[in-house]
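# What the coordinates show
Below, each chain spelled out in residue letters.
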Amino acid sequence: MKLHRPVVSVYTVPTDAPEADGTLAWDTTTMVIAEVTTGEETGTGWTYGPAAVGDFLTEQLGPLVEGRSPMDIPALHDAMCRSVRNAGRPGIAACAISALDIALWDLKARILELPLARLLGVAREHVPVYGSGGFTTYHDTHLAAQLNGWVHGQGIPRVKLKIGESWGRAVPRDLSRVRTAREVIGPDAELYVDANGAYTRKQAVRVGNALVEHGVGWFEEPVSSDDLTGLRLVRDALVCDVTAGEYGYDLPYFARMIAAGAVDCLQVDATRCGGITEFLRAAALAQSHGLEISTHCAPHAHAAAAASLPNIRHMEWFHDHVRIEDMFFDGALDPTGGTVRPVAGVGHGLTLRTEEVEEYRVA
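As a starting point, this report considers the structure included with it. Here the structure is a predicted model, which means the values were calculated and not measured.

What follows concerns the overall build of the protein chain. Looking only at helices and strands, one finds 14 helices and 14 strands in the protein chain. At 20 Å, the protein chain has a C-alpha radius of gyration in line with the 21 Å of a compact globule built from 363 residues. When its C-alpha atoms are laid out on the principal axes, the protein chain stretches across 60 × 40 × 35 Å. The buried share of the protein chain, taken over its 363 residues, is 59%. Sequence-distant contacts in the protein chain: of pairs separated by 6 or more residues, those separated by 24 or more amount to 70%. As displayed, the protein chain offers around 13700 Å² of accessible surface, 50% of which is attributable to carbon and sulfur atoms. Side-chain charges in the protein chain split into 31 positive and 46 negative, and the spacing between the mean points of these groups amounts to 6 Å.

Turning next to helix α9 (residues 228–237). All of the buried residues in α9 are G230, L231 and V234. Along the long axis of α9, the arc covered by the buried residues comes to 100°, so they all point the same way. Packing partners of the buried residues in α9 comprise α8 (201–211), β8 (241–244) and α10 (251–259).

Backbone hydrogen bonds hold the strands of a sheet together, and the pairing may be parallel or antiparallel. If you walk across this open sheet you meet the 3 strands as β1-β2-β3, and the pairing is antiparallel. Either end of the sheet is taken by a strand with one partner, and the two such strands are β1 (7–20) and β3 (41–48). Along the sheet, successive strands turn relative to each other by an average axial angle of 25°, direction set aside. Note: strand β2 (residues 25–38) against β3, 8 bridges, orientation antiparallel. Across the sheet, the residue bridging to V36 is G43, located in β3. Relative to the sheet, helix α14 (residues 319–328) contacts β1, β2 and β3, its axis offset from that of β1 by approximately 130°.

Attention now goes to the nonpolar core. In this structure, F219 and F328 are the most contacted members of the largest nonpolar core, which totals 116 residues. Broken down by element, this core gets its largest block of residues, 13 residues, from helix α3 (residues 92–111).

One pass over the full model with this rule turns up 20 salt bridges. The partner of E125 in a salt bridge is R118, and the shortest N-O contact between them spans 2.8 Å. Residue classification places E125 among the partly exposed residues on the basis of a relative accessible area of 29%. A residue is classified by how much of its surface remains accessible, and R118, at 38% relative accessible area, is partly exposed. Linking E278 and R281 is a salt bridge whose minimum nitrogen-to-oxygen distance equals 3.0 Å.

So, on to helix α1 (residues 52–65). The first and last C-alpha atoms of α1 sit 19 Å apart over 14 residues, in line with the 20 Å expected at 1.5 Å per residue. Bending of α1 peaks at approximately 35° at the position of T58. Restricting attention to buried positions, one finds in α1 the residues V53, G54, F56, L57, L61, G62 and V65. Packing partners of the buried residues in α1 comprise β1, β2, β3, α2 (73–83) and α3. Just downstream of α1 lies G67, where phi reads positive at about 85°.

Moving on to unusual backbone geometry. Glycine aside, residues mostly have negative phi, and peptide bonds are mostly found in the trans state. Located in the positive-phi region is E221, a residue other than glycine, with phi close to 40°. Locating E221 in the fold gives a position in the loop between β7 (216–220) and α9. Assessed through its relative accessible area of 2%, E221 is described here as buried. Although it is not a glycine, C297 sits at a positive phi angle of roughly 55°. Along the chain, C297 falls in the loop between β10 (292–295) and α13 (299–306). Residue class for C297 comes out buried when judged on its relative accessible area of 6%.

The next subject is the layout of surface pockets. Approximately 620 Å³ is the volume found for the largest pocket. What lines the largest pocket is a set of 31 residues, among which L24, Y48, R272, H296 and H321 lie closest to the centre. Of all elements in the fold, only β2, α3, β5 (158–162), α11 (270–273), β11 (312–318) and α14 reach the threshold of two or more residues within the lining of the largest pocket. Broken down by element, the residue count for the lining of the largest pocket peaks at 4 residues, all from β2. In the lining of the largest pocket, the residues fall into 11 nonpolar, 10 polar and 10 charged. What the second largest pocket holds in volume is close to 150 Å³. The class makeup of the residues in the lining of the second largest pocket is 7 nonpolar, 5 polar and 1 charged.

This part is about the pairing of β11. Burial within β11 is extensive, with 6 of its 7 residues counted as buried. Strand direction decides the pairing type here: β10 and β11, joined by 3 bridges, are parallel. Within β11, the residue paired with I293 across the bridge is I312. After leaving β10, the chain enters α13 and then returns to the sheet as β11, a path that is right-handed.

Conventions and cut-offs
- Residues numbered from 1 in each chain as written.
- Predicted model: local features only at pLDDT ≥ 70, side-chain atom pairs only at ≥ 80, totals over all residues.
- Heavy atoms only, no water.
- Helix = DSSP H or I, 4+ residues; strand = E, 2+ residues; numbered from the N terminus.
- Rg over C-alpha atoms; globule rule 2.2 N^0.38 Å.
- Buried < 20%, exposed > 50% of the residue type's maximum accessible area, 1.4 Å probe, protein only.
- Contact = heavy atoms within 4.5 Å.
- Areas by Shrake-Rupley, 256 points an atom, 1.4 Å probe, with all protein chains shown as cover.
- Lys, Arg positive; Asp, Glu negative; His and termini not counted.
- Charge placed at Lys NZ, Arg CZ, Asp CG, Glu CD.
- Arc of directions from axis to C-beta.
- Pairing = 2+ DSSP bridges.
- Axes fitted to C-alpha atoms, helices over the stretch in contact; angles between N-to-C directions.
- Core = buried A, V, L, I, M, F, W, Y, C linked by side-chain atoms within 4.5 Å.
- Salt bridge = Lys/Arg side-chain N within 4 Å of Asp/Glu carboxyl O.
- Expected span 1.5 Å × (residues − 1).
- Bend = angle between axes of the 7 residues up to and from the residue.
- 1 Å grid on protein atoms, 1.4 Å probe; cavity = no way out; pocket = protein on both sides within 12 Å on 5 of 7 lines; lining within 4 Å.
- Points joined across faces, edges and corners; volume = space filled by probe spheres on them.
- Nonpolar A, V, L, I, M, F, W, Y, C, P; charged D, E, K, R; others polar.
- Right-handed = clockwise from strand over helix to strand, strands pointing away.

Everything listed is a geometric property; what it means functionally is a separate question.
This is the structure:
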């Protein structure tokens, strides 16, 4: 049983409205998909990033795994990581490794005719999610409709919106939008915010103190995630949880963030950090320091692995990626009630709708 060379495809999907956070604006999302086959079984993995991820995956990683056993994922993962030494792991290389690693785990579970969650071992069958979107480009009516749909429509009792508009230069509007969000979701739902590193240190503390009256319990990237000292200073000054970690491309990144005491909950993205293999290692590292983790974006890439973790807090039900994954895959999960149950089918339970999404293919 040997692996064939992976098949790579790239798709670019327009957003359903203009989107921005505190430090970036966009109107499309690009998804890179890796399919790896042995015999009659195919595993599918993906990441979100530039089309160059697909080129790297095809040219650098594809030949590396061809002809090897699909059962030995740690060896394959190690070989991929070693191969990018001179190219540099963070960014494009890490995303390519992640997509292929996810595909390998899906393939292994399918070979064994198991749900991926059962292959990994289940700590819980139901994983909490939070609705994530609330982009700074949304007018109040759009914001209210999105939040209302999650909380009152789907029964998701926790939601997040973006603040830090224009690199922190619109604090009055940030706070007004948070006030609107609380009015829409009511007093009982959990309210989170994400500044995407837009604020300065003292500014983040001032904003965080103002968020208290609205019951905000989660302040994501109040300052740049590269500023570990700043994250720790903000964390020590505020009552809400301070979180970061989505830009972790390898395990040492998470080790540095934890050692700095920078976060109350560590965010980990399997489509960036090195796939499910490294995601599980990051979760174990966090648990060894008494921390919970939360997944970042790409919910269907995380669900099975999240179910295996005793220290998972929740998964991000990110609007852009939920929309794309619902479009691209049969077997998408239902978050009604505030949790998903990723233990059905085989593998991660998803099947790519190749013909239906061909119009979005760019490579």
